[in-house]
Amino acid sequence: MKKVVKFGGSSLASAEQFKKVGAIIRADGTRRYVVPSAPGKRFSEDTKVTDLLYACYRAANEEIFQKVLAEIKSRYQEIIDGLELSLSLEEDFKILEENFKRQIGEEYAASRGEYLNGKIMAAYLGFTFIDPAEMIRFDGNGQFDAEITEALVAKRLKDVTEAVVPGFYGAKENGEIKTFSRGGSDITGSIIAGALDVELYENWTDVSGVMVTDPRIINNPKSIDTITYRELRELSYMGATVLHEDAIFPVRKAGIPINIKNTNAPEEDGTMIVEDTCKKPPYTITGIAGKKGFCSLFIEKSMMNSEIGFGRKVLQVLEEQGISFEHVPSGIDTMTIFIHQDEFAEKEQQVIAGIHRAVNPDYMELETDLSLIAVVGRGMRSNRGTAARIFAALAHANVNVRMIDQGSSELNVIVGVKDEDFEPAIKAIYDIFVETQV
């Protein structure tokens with residue numbers, strides 16, 4: 001049996017955290033491929049190493065450069081000394097400094113956090129260090145190339161029984177470093193797991209699995225024992241941050257489960273993320289997640305339903321302006337488009353004028369400062385009246401619903417509310433489905 005284990009920045013922020021990670025890996029001989037993030041915050045006012053690297057790179061030709069670089073060196077040396085390693089990163093920092101002054105690229109700068117932490121981890125564990133730039137491939141346009149990457153990873157790790165592969169980045173064919181979006185170490189772990197067809201991908205962080213909802217809104221929310229890829233995909237897209245949303249695809253393709261676990265409480269089971277399961281969820285819903293910062297464009301026109309191509313013409317206006325949409329609930333003579341407000345604001349007048357020209361509506365209205373909340377759960381398919389209970393909970397909390405949209409899979413219900421009602425809405429939905437379970 002083989003496992004890929006990924007550890008987040010908070011799990012590797014200090015020598016003490018490194019020791020916890022080392023104990024976890026050594027406690028299970030099947031944990032053979034380790035994907036580390038860059039050091040995170042040691043305390044709440046601390047700065048993540050990735051942010052220090054960005055600041056250092058941008059100050060490469062300023063007086064403050066050496067000061068920030070010294071701070072980064074100190075962070076790593078503190079870990080090395082705490083682990084009593086004889087490792088030196090001097091040569092690595094010399095190359096880093098030269099490349100920063102040459103302004104080789106911000107993505108190169110950001111990737112050095114994981115690269116250097118990976119070197120320390122490999123030395124601490126006695127594992128082989130492998131630079132992901134050798135095998136995680138992006139094309140000339142910067143798009144991740146899954147097919148080539150899978151082949152390169154399988155070939156490079158074929159005869160390597162234990163390895164440390166830094167997360168977050170890879171390279172184009174010409175060697176130029178390319179990173180995933182923030183949190184992308186999750187994706188690296190998933191890619192390695194999928195390419196090697198391991199039995200389990202463990203993702204270690206600072207929480208004991210996936211919570212039913214955001215702990216910043218609900219104090220100590222219930223954790224989720226088992227969740228499907230589809231459910232997590234819905235929650236991740238709508239703001240749940242325990243796992244990068246793009247980390248699901250490589251392991252889902254290979255049918256490999258993910259276990260979200262807590263570095264500071266390794267004895268807890270955490271959350272299992274699986275393709276499908278016969279396990280009955282404890283509640284009708286699995287999770288609640290949401291995002292603020294949307295606006296809606298309401299369009300009304302008599303006999304809209306009989307006008308062939310009406311919807312296409314409207315959405316084509318958005319396409320021409322390079323704007324994506326989230327939801328498009330409609331009625332017989334009405335159509336509403338939900339859009340990210342910051343994306344729409346710059347081109348709002350062009351869009352409104354374009355729609356007038358395209359479909360000649362009777363009336364249009366723009367509403368701002370809206371939130372979308374996703375109520376997700378495989379248990380919703382077998383329970384009647386889920387939408388009614390959501391409406392009842394929101395009405396009881398005096399929250400006015402601006403939109404409701406239910407997918408045909410019956411896996412999720414999306415409700416739109418004003419930004420000011422975002423937290424009260426989530427609290428009301430959590431209360432009726434989890435706390436009271438009426």
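For the structure, see preceding data.
Residues numbered from 1 in each chain as written. Predicted model: local features only at pLDDT ≥ 70, side-chain atom pairs only at ≥ 80, totals over all residues. Heavy atoms only, no water.

1. As for the pattern of salt bridges
- Under the criterion given, the structure shown has 24 salt bridges.
- Aspartate 28 is paired through a salt bridge with arginine 31; the nearest N and O atoms lie 3.8 Å apart. As far as the burial class goes, aspartate 28 and arginine 31 line up, both buried.
- Arginine 58 is paired through a salt bridge with glutamate 106; the nearest N and O atoms lie 2.6 Å apart. With arginine 58 in helix α2 (residues 49–58) and glutamate 106 in helix α5 (residues 106–125), the pair connects residues that are 48 residues apart, well separated along the chain.
- For glutamate 106, a relative accessible area of 32% corresponds to the partly exposed category.
- One network of salt bridges, in which partners are shared, links Lys3, Asp28, Arg31 and Glu202. (Salt bridge = Lys/Arg side-chain N within 4 Å of Asp/Glu carboxyl O. Buried < 20%, exposed > 50% of the residue type's maximum accessible area, 1.4 Å probe, protein only. Helix = DSSP H or I, 4+ residues; strand = E, 2+ residues; numbered from the N terminus.)

2. Focus: helix α13 (residues 386–396)
- The complete set of buried residues in α13 reads Thr386, Arg389, Ile390, Ala393 and Leu394. The arc that holds the buried residues of α13, viewed along the axis, is 130 degrees, so those residues lie on one side.
- Taken together, the buried residues of α13 touch β14 (363–376), β16 (412–418) and α14 (422–435).
- Two residues or fewer past α13, asparagine 398 is found with a positive phi of approximately 60 degrees. (Arc of directions from axis to C-beta. Contact = heavy atoms within 4.5 Å.)

3. Some points on a negative patch on the surface
- Among the surface-exposed residues, Asp225, Glu267, Glu268 and Asp269 lie close enough to one another that they form a single negatively charged patch.
- Locating glutamate 268 in the fold gives a position in the loop between β10 (258–262) and β11 (271–274). (Patch = residues over 30% accessible without salt bridge, like charges linked within 9 Å, V, L, I, M, F, W, Y side chains within 5 Å. Areas by Shrake-Rupley, 256 points an atom, 1.4 Å probe, with all protein chains shown as cover. Lys, Arg positive; Asp, Glu negative; His and termini not counted. Charge placed at Lys NZ, Arg CZ, Asp CG, Glu CD.)

4. With respect to the packing of α2 against α5
- In the contact formed by α2 and α5, the axes pass within 8 Å of each other and the chain directions differ by 145 degrees. The crossing of α2 and α5 is right-handed. Contacts from Val49, Thr50, Leu53, Tyr54, Tyr57 and Arg58 of α2 reach α5 at Glu106, Ala109, Ala110, Arg112, Gly113 and Glu114. (Axes fitted to C-alpha atoms, helices over the stretch in contact; angles between N-to-C directions. Left-handed = near helix turned anticlockwise from the far one by under 90°.)

5. As for the environment of phenylalanine 422
- The residue phenylalanine 422 is located in helix α14 in this model.
- Look at phenylalanine 422 and you get buried, because its relative accessible area is 7%.
- C-alpha separation for the pair phenylalanine 422 and isoleucine 373, spaced 49 residues apart in sequence, amounts to 7.9 Å.
- Excluding residues that lie within four positions of it along the chain, phenylalanine 422 makes contacts with Ile217, Gly290, Lys291, Lys292, Ser371, Leu372, Ile373 and Val417.

6. Comments concerning the sheet that holds β16
- Reading across the sheet, the five strands line up as β13-β12-β14-β16-β15 and stay open at both edges, with antiparallel pairing between neighbours. Edge positions in the open sheet fall to β13 (334–340) and β15 (403–406), since each of these has one partner strand only. Averaged over all pairs of adjacent strands, the angle between strand axes in this sheet comes to 30 degrees, irrespective of strand direction.
- Relative to β16, β15 runs antiparallel, the two being bridged by four bridges. Bridging across to β16, glutamine 406 finds its partner in valine 413.
- Packed on one face of the sheet, α13 meets β14, β15 and β16 and runs near 20 degrees to β16. (Pairing = 2+ DSSP bridges.)

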